[in-house]
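Below, each chain spelled out in residue letters.
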Amino acid sequence: MSHDLFLAAKAAMQKAHAPYSRFPVGAALRTEDGRIFAGANIEVASFPEGWCAETTALAHYVMGGGGAIAEIAVIAERMPGVTPCGGCRQRLAEFADPDTKLHLCDQNGVVATVTMGEMLPFGFAGDTLK
Ligand code: THU
């Protein structure tokens, strides 16, 4: 994995707005053409209205023009090797491929690498909805 991607995820985590859970998360994704988009979780006093780091990163990615995703990194301050929640697996799968690499990180770097297909087996795909 490019070290830049890890650093982007970690820097994003440091911008988390997580005053309620105190569980800062950062996510970053790199497109095939080398652009990096990152995001942090953003919590809201009405708890269900907050959202995850992966979702913020995807919003930046879509607004930045989208494109093929090469790899994704996720990091949480208090959970080495944090994995995306179920909803974020579905959101990431919307734009990534089953063979897209997902790097699970701790404060020093990658602790495990899996594919999106491993992270979301038998996922619901929107192909037939188009
Ligand atoms: N969180 C993420 O940002 N990404 C995940 O994949 C797991 C959970 C956030 C949501 C909430 O702000 C905090 O972590 C605790 O659940």
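Cut-offs and rules
Residues numbered from 1 in each chain as written. Predicted model: local features only at pLDDT ≥ 70, side-chain atom pairs only at ≥ 80, totals over all residues. Heavy atoms only, no water. Buried < 20%, exposed > 50% of the residue type's maximum accessible area, 1.4 Å probe, protein only. Helix = DSSP H or I, 4+ residues; strand = E, 2+ residues; numbered from the N terminus. Arc of directions from axis to C-beta. Contact = heavy atoms within 4.5 Å. Pairing = 2+ DSSP bridges. Right-handed = clockwise from strand over helix to strand, strands pointing away. Axes fitted to C-alpha atoms, helices over the stretch in contact; angles between N-to-C directions.

Enquirer: I keep staring at helix H1 (residues 3-13) and nothing clicks. Help me out?
Expert: What sets the pattern is the α-helix's 3.6 residues per turn: residues three or four places apart point alike. Taken residue by residue, H1 has Leu5, Phe6, Ala8, Ala9, Ala12 and Met13 as its buried positions. With its buried residues spanning 160 degrees around the axis, H1 presents them on a single face. Close packing links the buried residues of H1 with strand E1 (25-31), strand E2 (36-40), strand E3 (69-76), strand E4 (101-106) and strand E5 (109-115).

Enquirer: Whenever I open this one, the pairing of E3 confuses me. Can you help?
Expert: In terms of residue burial, E3 counts as a mostly covered element, since 8 of its 8 residues are buried. Inspection of the sheet shows E1 paired to E3 by 7 bridges, in the antiparallel sense. Within the sheet, the bridge partner assigned to glycine 26 lies in E3 and is isoleucine 75. Direction of pairing for E3 relative to E4: parallel, over a ladder of 4 bridges. When the bridges of E4 are listed, isoleucine 72 appears paired with leucine 102. Regarding the hand of the β-α-β motif, the stretch spanning E3, helix H3 (residues 86-95) and E4 is right-handed.

Enquirer: I keep staring at the sheet that holds E4 and nothing clicks. Help me out?
Expert: Sheet strands associate in pairs through backbone hydrogen bonding, adopting either a parallel or an antiparallel arrangement. Spatial strand order, E2-E1-E3-E4-E5: 5 strands in an open sheet with mixed pairing. Taken across any chain shown, the strands that pair with only one partner, and hence form the sheet edges, are E2 and E5. Averaged over all neighbouring strand pairs, the angle between strand axes comes to 20 degrees, with direction disregarded. Here helix H2 (residues 53-63) sits on the sheet in contact with E1, E2 and E3, set at roughly 145 degrees to E2.

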